[in-house]
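Structure assessment
So you can see what is in the structure, the chains are spelled out below.
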Amino acid sequence: MKTPIIRFVKPNDLVQLVHLCELHANFEKSEYNSKHKAVLLKEALFKENPDLYCLVIDSGENNLIGYATYMKQYSTWDASFYIYMDCLFLKSESRGFGLGEKLMNQIKKEAVLLHCSIIQWQTPKFNTRAIKFYNRIGGVSKDKERYFLNTNK
C-alpha cells in the first residue's frame, strides 16, 4: 500500500464517498439507499458554512479507502461547543495500519481550529474491534440508548 494521505473530501470524490457510506451501513447491519446521496452530501459539505465536514483517506491514486465525518454542535450541559463525529469507517483491507488513529488525530486538530475541546461519537455494541481501538486512544464510553423518530409519519 502506498502511503495514504488524509485530506478533505472534494466534489469529485462524492461517488466514492457514497460507496464508502454504503459499505459502512452494511458493516453496521443497517439499510442504505444511495439515491440522491451525492447531491445531498454536496449541499451539506460544500457551502460557505458547511453543515458537515468530511475527511477522507486517499490511497495515493485518488482511491478512497476510508472517511470520517463530523460537525460542530453545542452542549447545553457543558455550555460549550463540541465535535460530533458521525462516521468513521475504513475498508476492511485498510484496517490495522494506524489509519483510524491518524484520522482521529486529524479530527482533534480540526476540533481545536473550531474551538471545541470535546469530541463525541458512538459505535454499535457489536463492533468490539472499534471499541477496543477507542479505549486504546483514550475514549471514554457512556452507556446510553440512541433513539430515532421519523417526522414524516
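Look up: the structure comes first, before these words.
One structure accompanies this document, and this report is about it.

What counts, and where the lines are drawn
- Note on numbering: residues in each chain are counted from 1, in written sequence order.
- Local features in a predicted model are, by the rule used here, given only for residues with pLDDT of at least 70; side-chain atom pairs are given and counted only at 80 or more, and totals for whole chains, interfaces and linings are based on all residues.
- The basis for every side-chain value is the complete set of heavy atoms in the structure, and neither hydrogens nor water enter the calculation.
- Only DSSP runs of H or I reaching four residues or more are called helices, and only runs of E reaching two or more are called strands; each is numbered from the N terminus.
- Using C-alpha atoms as the atom set, the radius of gyration is obtained and then compared with a globule rule of 2.2 Å times the number of residues to the power 0.38.
- Working definition: with a 1.4 Å probe on protein chains only, accessible area under 20% of the residue-type maximum means buried, over 50% means exposed, and in between means partly exposed.
- Throughout this description, a polar contact denotes any pair of N or O atoms lying within 3.5 Å of each other; where both atoms belong to protein, one of them has to be capable of donating a hydrogen while the other can accept it, and for residues adjacent in sequence the pair is counted only when both atoms sit in side chains.
- Contacts between residues were defined by any pair of non-hydrogen atoms, one from each residue, lying within 4.5 Å.
- Working convention for charge: Lys and Arg count positive, Asp and Glu count negative, and His plus the chain ends are omitted.
- By definition, a salt bridge exists where a carboxyl oxygen of Asp or Glu is found within 4 Å of a side-chain nitrogen of Lys or Arg.
- Pairing between strands is defined by DSSP: at least two bridges between them are needed.
- With axes taken as lines fitted to C-alpha atoms, and helix axes fitted only over the stretch in contact, angles between N-to-C directions fall between 0 and 180 degrees.

What follows covers the overall build of the protein. Looking only at helices and strands, the protein features four helices and five strands. Listing every helix and strand of the protein by position from the N terminus yields β-α-α-β-β-β-α-β-α. The C-alpha radius of gyration computed for the protein amounts to 16 Å, which stays within 12% of the reference 15 Å derived for 153 residues, consistent with globular compactness. Considered along the principal axes of its C-alpha atoms, the protein spans approximately 45 × 40 × 35 Å. Counting the 153 residues in the protein, one finds 36% classified as buried.

Another aspect to go through is the side chain of Asp13. Mapped onto the elements, Asp13 comes out in the loop between strand 1 (5–8) and helix 1 (14–27). Reaching out from Asp13, the side chain makes a polar contact with the backbone nitrogen of Lys10 at a distance of 2.8 Å. Apart from the residues within four sequence positions on either side, Asp13 is in contact with Arg7, Phe8, Val56, Asn62 and Leu64.

Turning our attention to the side chain of Lys91. Relative to the helices and strands, Lys91 resides in the loop between strand 4 (80–90) and helix 3 (99–113). Glu93 provides the closest opposite charge to the buried, salt-bridge-free Lys91, at an N-O distance of 4.7 Å.

Most of strand 3 (residues 64–75) sits out of view: nine of its 12 residues are buried. In this sheet, strand 3 lies alongside strand 2 (residues 53–58) in antiparallel orientation, the contact comprising six bridges. Bridge pairing links Ile57 to Gly66 in strand 3. Where strand 2 hands over to strand 3, the hairpin turn is made up of five residues, of which Gly60 adopts a positive phi near 105°. Bridge count for strand 3 against strand 4 is 10 bridges, and the pairing is antiparallel. Within strand 4, the position partnered with Lys72 by the bridge is Ile83. Linkage of strand 3 to strand 4, two consecutive antiparallel strands, is achieved through a turn of four residues, within which Ala79 is found at a positive phi near 50°.

Take the sheet that holds strand 4 next. Strand pairing within a sheet occurs via backbone hydrogen bonds; the two strands may be parallel or antiparallel. Taken together, five strands build an open sheet; the order of strands is 1-2-3-4-5 and the sheet is mixed. Of all strands in the sheet, those with a lone pairing partner are strand 1 and strand 5 (119–120), marking the two edges. Against the sheet, helix 1 engages strand 2, strand 3 and strand 4, with an angle of about 80° to strand 3.

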